[in-house]
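Overview (structure and organization)
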Amino acid sequence: MNCHTRPTGTPMKHLRGSDLAAVAKLATSATLGVTRMVEGVHQSVWGTLGVSGGAVAGQTGGLTGLIYKTVRGVTNLVGKGLDLALTQLQPLFEAADQAAPETPQREAVLAALNGVLGDQLDASQSSLATPMTFRWAGRALDFQLPNPLAFPADQTGFAPPVTGKILLLIHGLCMNDLQWSTSTQSKTSTQPYLTHNHGQWLADELGYTPIYLRYNTGLHTSQNGRLLCSLLEELVKHWPVKVDELSVVVHSMGGLVMRSALHCAIDPALTWPKHLKNIAFLGTPHHGAPLERAGNWIDVILGSTPFSRPFAKLGQLRSAGITDLRYGHVVDEDWRGHDRFRSKPDSRVALPLPAHINCFTVAATLAGQRSPLADRLIGDGLVPLASALGQHAQATKTLAFGKTSQRIVHRTSHMALLSSPEVAQQLVTWLRPRSTMRASTTQSLG
């Protein structure tokens, strides 16, 4: 546990010059989207009165159509003008950005933006799209270097020791690697806030070297799984000392990404799966989250009348990563060829826990004690207990965590899993080397 005070200051100081061009494009796209939505409502009303629309479905005709066309044209013109002006300033932005430090505030905003619109940012090659990288000691690993974990000669700062025990930590939806460090209020005035990080805790207690993944949570889970599978091979290949163990701690969506990466690791030439020993899931929605399913029903309700149908596009702004949380999609077959905004039953490919790997799960509940109603409706505020524990009505979809490999923490929210001392101690207990641990867990997995 370390003490710190929360940073203060104006939000604008966390922006970079290069962000302006990407934000301008995003604003132009949003304005065009709202214009199309309003015109759609307008034409829906005219249609009930027998007035024909324009050449394209959802657009108005006549003078009204000309007005909307003019609005779209002016918006595009302004957008292109901004783009041209900002492009000319790009060299100045790049020079300033090279000296600009990374701030938790800016990265938190980008993480949230990627969670909601990450697939669209990636498709448009926006500079706001977050690339997948491993982070160590506050910086991204560069596998083009002979030793990616070596600090440059001109860089000062603390470099933690590198051991043969790698601990990978994977964050959840709309988050980033910096948010593994969580702040809680203390009871002393001299130390108002305490910072906890499960990775640093396990490093201190068990000698791990913590590596943090940062990724675009708006992409499909299976897309991130493939990227992670490839990146893990690079990590093990370039690790500066002999790898004795790879263990993984995941939060929320991160658990689905890790399961997807293991599904992709079918090439016998891959070496990283051979080092994988433990996976600890914290609040992972293995069988989905009700909030996304509720969002899907909002799509259905809004699309049921011609007047509200254009507003359904607002619900469809959410990313592929979010819609994958409806049932806990892990592989391509779960979503490929399907309209992700169309209500349909759970048709996931059943993907069991990996054999010969110690798998643990922590589920949280806001309730003080368990009850059928609290388990189903409350959970940790986002993920029901059954989903986090891998339990399912269909035996083929049930994830067989051993009895000693499950932990339920009460009066704990989804996000509080990251700062819970109870969870931290449980992780130490599970990941502490024991000769009998692997045998007992493997047997419980069947």
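To start, this report covers the structure provided alongside it.

Turning next to the packing of helix α6 (residues 221-238) against helix α7 (residues 253-264). Think of two packed helices as two axes; the pair is described by the angle between the axes and how far apart they sit. Interaxial distance between α6 and α7 falls to 7 Å at its minimum, and their mutual angle equals 65 degrees. Regarding α6 and α7, the two cross each other, and that crossing is right-handed. In this structure, α6 uses Thr221, Ser222, Asn224, Gly225, Arg226, Leu228, Cys229 and Leu232 to contact α7, whose residues at the interface are Leu256, Val257, Met258, Ser260, Ala261 and Cys264. In terms of residue class, the contact of α6 with α7 is built from eight nonpolar, five polar and one charged.

Let's shift gears to the packing of aromatic side chains. Applying the stated criterion across every chain, the model contains three aromatic pairs. Judged by centre distance (6.5 Å) and plane angle (85 degrees), the ring pair of phenylalanine 134 and phenylalanine 143 falls under edge-to-face. By relative accessible area, which is 15% here, phenylalanine 143 ends up buried. Aromatic pair phenylalanine 281 and phenylalanine 401: ring centres 5.9 Å apart, planes at 75 degrees, arrangement edge-to-face. On the criterion of sequence distance, the pair formed by phenylalanine 281 in strand β9 (residues 276-282) and phenylalanine 401 in the loop between α13 (385-389) and β11 (406-410) is long-range, its members being 120 residues apart. The ring of tyrosine 208 carries lysine 165 above its face, with NZ or CZ at 4.3 Å from the centroid.

Position of tryptophan 272 among the secondary structure elements: in helix α8 (residues 272-275). Given a relative accessible area of 0%, tryptophan 272 falls into the buried group.

Read across the sheet, eight strands follow the order β3-β2-β7-β4-β8-β9-β10-β11 without closing on themselves; strand pairing throughout is mixed. Lying at the two open borders of the sheet, with one neighbouring strand each, are β3 (139-140) and β11. In terms of strand pairing, strand β4 (residues 165-170) meets strand β8 (residues 245-251) through six bridges, oriented parallel. By the bridge assignment for β8, lysine 165 is matched with glutamate 245. Contacts between helix α5 (residues 198-206) and the sheet are confined to β4, β7 (209-214), β8 and β9, with β4 contributing the most and set at about 165 degrees to the helix. With respect to the sheet, α6 is in contact with β2 (133-136), β4, β7 and β8, its orientation differing from that of β2 by roughly 45 degrees.

Here the focus is the nonpolar core. By size, the foremost hydrophobic cluster in this structure holds 44 residues, and its most contacted members are Phe134, Leu168, Leu228, Met258 and Trp272. Looking at this core, the elements with two or more residues in it are β2, β4, β7, α6, β8, α7 and β9. With near-sequence residues (within four places) excluded, leucine 168 lies in contact with Phe134, Ile211, Tyr212, Leu213, Leu228, Leu232, Leu246, Ser247, Val248 and Val249.

What follows deals with the pattern of salt bridges. According to the stated counting rule, one finds ten salt bridges in the structure shown. Notably, a salt bridge pairs arginine 226 with aspartate 332, separated by 2.6 Å at the nearest N-O pair. Here aspartate 332 lies in the loop between α11 (320-323) and β10 (358-365) and arginine 226 lies in helix α6, a separation of 106 residues in the sequence. Given the relative accessible area of 14%, aspartate 332 is considered buried. A salt bridge links aspartate 346 to arginine 348, with the shortest nitrogen-to-oxygen separation between them at 3.0 Å. Taking relative accessible area as the criterion, arginine 348 reaches 12% and is therefore assigned buried.

What follows is about the side chain of threonine 133. Summarising the element assignment, threonine 133 is placed in strand β2. Ignoring anything within four residues of it in the chain, the contact list for threonine 133 reads Ala140, Tyr212, Leu213, Arg214 and Leu231.

With that settled, consider the environment of cysteine 359. Within the secondary structure layout, cysteine 359 lies in strand β10. Given a relative accessible area of 0%, cysteine 359 falls into the buried group.

Rules used in this analysis
Residues numbered from 1 in each chain as written. Predicted model: local features only at pLDDT ≥ 70, side-chain atom pairs only at ≥ 80, totals over all residues. Heavy atoms only, no water. Axes fitted to C-alpha atoms, helices over the stretch in contact; angles between N-to-C directions. Helix = DSSP H or I, 4+ residues; strand = E, 2+ residues; numbered from the N terminus. Left-handed = near helix turned anticlockwise from the far one by under 90°. Contact = heavy atoms within 4.5 Å. Nonpolar A, V, L, I, M, F, W, Y, C, P; charged D, E, K, R; others polar. Phe/Tyr/Trp six-rings, centres within 6.5 Å; stacked < 30°, edge-to-face > 60°. Buried < 20%, exposed > 50% of the residue type's maximum accessible area, 1.4 Å probe, protein only. Lys NZ or Arg CZ within 6 Å of the ring centre and 35° of its normal. Pairing = 2+ DSSP bridges. Core = buried A, V, L, I, M, F, W, Y, C linked by side-chain atoms within 4.5 Å. Salt bridge = Lys/Arg side-chain N within 4 Å of Asp/Glu carboxyl O.

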